[in-house]
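So you can see what is in the structure, the chains are spelled out below.
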Amino acid sequence: MNRLYVYPRLPAHVAEQLLTLHTGRDLVELRRLSTTADARTTWYPTAPHRVAEDDLRALQQTVRGIATEANWPAPLSKTNGTAFDRLLAPALYRQMTIVPADAASEEVWSFLSLVLLPDIALWRWPNPLRRPGYERIIGRPRNVFRRLWTRVHSLGEDLGARLYEDEAVAILERPTLGAHPRVARAIAHGHLAVAGEAGAARTDILRITARRLRRLAVVVSLESLDDTQLAQLVGRYTKEAIDQLRPVTTASTYNHQFPTQVQTRSGVSP
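Computed from a predicted model, the values in this text were never measured in an experiment. (Residues numbered from 1 in each chain as written. Predicted model: local features only at pLDDT ≥ 70, side-chain atom pairs only at ≥ 80, totals over all residues. Heavy atoms only, no water.)

Undergrad: Which residues make up the environment of A37, and what values go with them?
TA: With respect to the helices, strands and loops of the structure, A37 is situated in the loop between α2 (27-33) and α3 (53-69). On the basis of relative accessibility, which here comes to 47%, the residue A37 falls in the partly exposed class. (Helix = DSSP H or I, 4+ residues; strand = E, 2+ residues; numbered from the N terminus. Buried < 20%, exposed > 50% of the residue type's maximum accessible area, 1.4 Å probe, protein only.)

Undergrad: Go over the pattern of salt bridges with me, naming the residues and quoting the values.
TA: Applying the stated criterion to the full structure yields 22 salt bridges. Across the salt bridge formed by E135 and R142, the nearest N and O atoms sit 3.9 Å from each other. You can call E135 partly exposed: its relative accessible area is 35%. Between R236 and E240 there is a salt bridge, and its shortest N-O distance comes to 2.6 Å. (Salt bridge = Lys/Arg side-chain N within 4 Å of Asp/Glu carboxyl O.)

Undergrad: Got a sec to walk through the packing of helix α10 (residues 165-172) against helix α13 (residues 202-216)? Specific residues and values, please.
TA: The interhelical angle for the contact between α10 and α13, taken along N-to-C directions, is 5 degrees, at an axis separation of 9 Å. Here α13 runs roughly parallel to α10, going by the angle between their axes. When α10 is examined against α13, the residues D166, E167, A170 and I171 are found in contact with a partner set consisting of R202, T203, L206, R207 and A210. A breakdown of the residues in the contact of α10 with α13 according to their chemical character gives four nonpolar, one polar and four charged. (Axes fitted to C-alpha atoms, helices over the stretch in contact; angles between N-to-C directions. Parallel < 35°, antiparallel > 145°, perpendicular 65-115°, else oblique. Contact = heavy atoms within 4.5 Å. Nonpolar A, V, L, I, M, F, W, Y, C, P; charged D, E, K, R; others polar.)

Undergrad: Just give me the short version of α13, but keep the residues and values in it.
TA: Helix length check: α13 (15 residues) gives 21 Å between terminal C-alpha atoms against 21 Å at 1.5 Å per residue, within 8%. When α13 is considered as a whole, its buried residues turn out to be R202, T203, I205, L206, I208, T209, A210, R212, L213 and L216. (Expected span 1.5 Å × (residues − 1).)

Spelled out as structure tokens, the structure:
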């Protein structure tokens, strides 16, 4: 089993100061200013294994190598940005070997974005409006690196790479769906299996499915369902979402049976 590590934490007020200083700077200059350590960082106090400076330097090199392949420092188009994310996500996840509880800390991702790799973070997500709490750079859930790590952790490399950005958001940014990797993966797998050929409409299909699942989760613990029940539920909701978006007036012909456990807990009859 691989050893897991904790990472330096950059306090929120320091992160906002650095974001203000870094915004608008030349990317080459940001690379020169980047470092593997900052005297103002802290660590999770009782963790036995702290990431070594050499490992942080190696992570820098990996991320920068992928960015170079994506033509850093030239501006990214939306398509190229998405392609960069798909290459970076599995590499970042594999190399960080971070303690999952530490990955829940906003301060860890602020350190990566503003101390270790500001030249990549602000290249991928510039801050043209100079927002002091810019969520793509400050270590919140949509942080440039955090969202990629979370996608692989929750969905796995294959499913995470096959989802569009808005589809991943629809699952992972809803705690009732994204907080449990088994549930998140069941939703992603079922969605891709049924709606995978729907093209641009895929995102709308998943939004409707996710909304219905969230309503059901008020009365049913989704994580308590077994794999078969989850697959049946997601498949049925996805097909109904497709019906809802289809420009026809006929009623759905899909089987509207709930899994037995869902019927029992929610009071829904077959």
